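Per-entry structural report
Single-letter residue listing:
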Amino acid sequence: MADPEQAKPTLSDRLTDAGFRAILGLARALPYRARVPVAGWIVSRLVAPLAGWRRRIRDNLALVCPDLPRAEVDRLVRAVPDNVGRTMIELYSGKDFLARARDLPITGPGAAALAAAHREGRPMILATGHFGNYDVARAALIARGYRVGALYRPMKNPLFNAHYLAAISAIGTPLFPRGKPGMAAMVRFLKSGGMLGLLMDQHMRHGAATTFFGHTAFTATSAADLALRYGAEIVPIYGVRRDDGISFDIVTEAPIPHSDAATMTQAINDSLERVARAHMDQWFWIHRRWK
């Protein structure tokens, strides 16, 4: 596959990017407190129907939560894309977003393990998913002086990928693209005592046949593999959006005990499922998670 940063953009790429930039420009013209809900509304009411997201959300919910009341399904069809829109504009809001994330408390039973690893310069893996705002924890930890890097999947659209990478880099670096060069740099960073953020909720064709919401979901074992190989702890961590729609609680769970890669990966899935069930509108139900 061609590198998204090198591939020549197609007409579809150009049109998609132009549409995104138009939404971005409109939202950025507003004060932050208005910008975030407006972006959520635009994505929920305009982008989601055009992109086919509403059907995919309904299909995923019908598969894994068939008894969910119709009114709740209808609510999630609107609320899930709203959270996506809010998250995207937050990531593109630079200093405004960082200012809100900087002083958020890190709560939960994994907070002490994070502080100890930082203090002692030990490697740590931050396991999370496309939930709430998945970068708010990284922003808050970096603001405290923690060395936090993250693995990211380059976008297929090279135009979109360029400004998306710039936006998430403004939150903090290093960032490691999926692939051999990125993996090598990521391992060096982890071995040096860095903390590595991994999004663990995407379908991986050659992953382990774990379960998620009671159905088989193939999941990368990379977090467990790295933890076992380099003696790193894994702490699940989430940026949970509050009811006001623009603030967050950063919540950790206890470190996942070392055992074998499949068992540890299932524990990561179970952790994300718990938080997703508690906040159904904040997980990315648009993913083709079950294949």
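Below: a short report on this structure.

Parameters at a glance
- Sequence order as written defines residue numbering, which begins from 1 separately in each chain.
- Only residues with pLDDT of at least 70 get local features here, since the model is predicted, and only at 80 or more are side-chain atom pairs given and counted; chain-wide, interface and lining totals rely on the full set of residues.
- As a convention, hydrogens and water are excluded, and side-chain values are obtained from all of the structure's heavy atoms.
- The helix count covers DSSP runs of H or I at least four residues long, the strand count covers runs of E at least two residues long, and both are numbered beginning at the N terminus.
- Only the C-alpha atoms count toward the radius of gyration. The rule for a globule is 2.2 Å times the residue count to the power 0.38.
- Think of it in three bands: residues with accessible area under 20% of the maximum for their type are buried, residues over 50% are exposed, and the middle band is partly exposed, with areas taken using a 1.4 Å probe on protein chains only.
- Contacts are assigned to residue pairs with any non-hydrogen atoms lying within 4.5 Å of each other.
- All accessible areas in this document rest on Shrake-Rupley with a 1.4 Å probe, and a residue is counted as covered only by the protein chains that are shown.
- The convention is simple: Lys and Arg are positive, Asp and Glu are negative, and His and the chain ends are not counted.
- The atoms used to mark charge sites are NZ of Lys, CZ of Arg, CG of Asp and CD of Glu.
- At least two DSSP bridges between two strands are needed for those strands to be called paired.
- Geometry is summarised by axes, namely lines fitted to C-alpha atoms with helices restricted to the contacting stretch, and by angles between N-to-C directions that run from 0 to 180 degrees.
- Counted as salt bridges are all cases of a side-chain nitrogen of Lys or Arg within 4 Å of a carboxyl oxygen of Asp or Glu.
- What goes into a patch is any residue over 30% in relative accessible area without a salt bridge, connected to like charges within 9 Å or, for nonpolar side chains (Val, Leu, Ile, Met, Phe, Trp, Tyr), within 5 Å.

Turning to the overall build of the protein chain, a few remarks are in order. The helix and strand inventory of the protein chain stands at eleven helices and nine strands. The globule rule puts the C-alpha radius of gyration for 291 residues at 19 Å, and the 18 Å found for the protein chain is close to it. Each of the 291 residues in the protein chain was classed as buried or not, and the buried ones make up 52%. Here the analysis covers contacts within the protein chain between residues at least 6 apart in sequence; of these, 76% occur between residues at least 24 apart. As presented, the protein chain carries roughly 13,500 Å² of accessible surface, and 57% of it is formed by carbon and sulfur atoms. Charged side chains in the protein chain number 38 positive and 25 negative. The centres of these two groups are separated by 6 Å.

The next thing to look at is the sheet that holds strand S4 (residues 175–177). Taking strand neighbours across the sheet as the criterion, the seven strands line up as S1-S9-S8-S2-S5-S3-S4 in an open arrangement whose pairing is mixed. The two strands at the open ends of the sheet, each matched to only one other strand, are strand S1 (106–107) and S4. Sheet analysis places strand S2 (residues 124–128) next to strand S5 (residues 195–199), joined by five bridges and oriented parallel. Bridge pairing in S5 links methionine 124 to methionine 195. Where helix H10 (residues 222–230) meets the sheet, its contacts fall on S2, S5 and strand S8 (233–241), and the angle it forms with S5 comes to roughly 155°.

What follows deals with the pattern of salt bridges. In the structure shown here, the tally under the stated rule is 13 salt bridges. Where arginine 242 meets aspartate 249, a salt bridge forms, and the shortest distance between an N and an O atom there is 3.0 Å. For arginine 242, a relative accessible area of 35% corresponds to the partly exposed category.

Here we take up the side chain of aspartate 13. Mapping aspartate 13 onto the fold places it in helix H1 (residues 11–28). For the buried aspartate 13, which has no salt bridge, the nearest side chain bearing the opposite charge is arginine 14, at an N-O separation of 7.6 Å. Sequence-distant contacts of aspartate 13, defined by excluding residues within four places in its chain, comprise Lys8, Asn157, Pro158 and Leu159.

This part takes up a positive patch on the surface. Residues Arg153, Lys156, Arg178, Arg288 and Lys291 make up a contiguous surface patch of positive charge. Mapped onto the elements, lysine 291 comes out in the segment after helix H11 (261–278). We classify lysine 291 as exposed; its relative accessible area is 60%.

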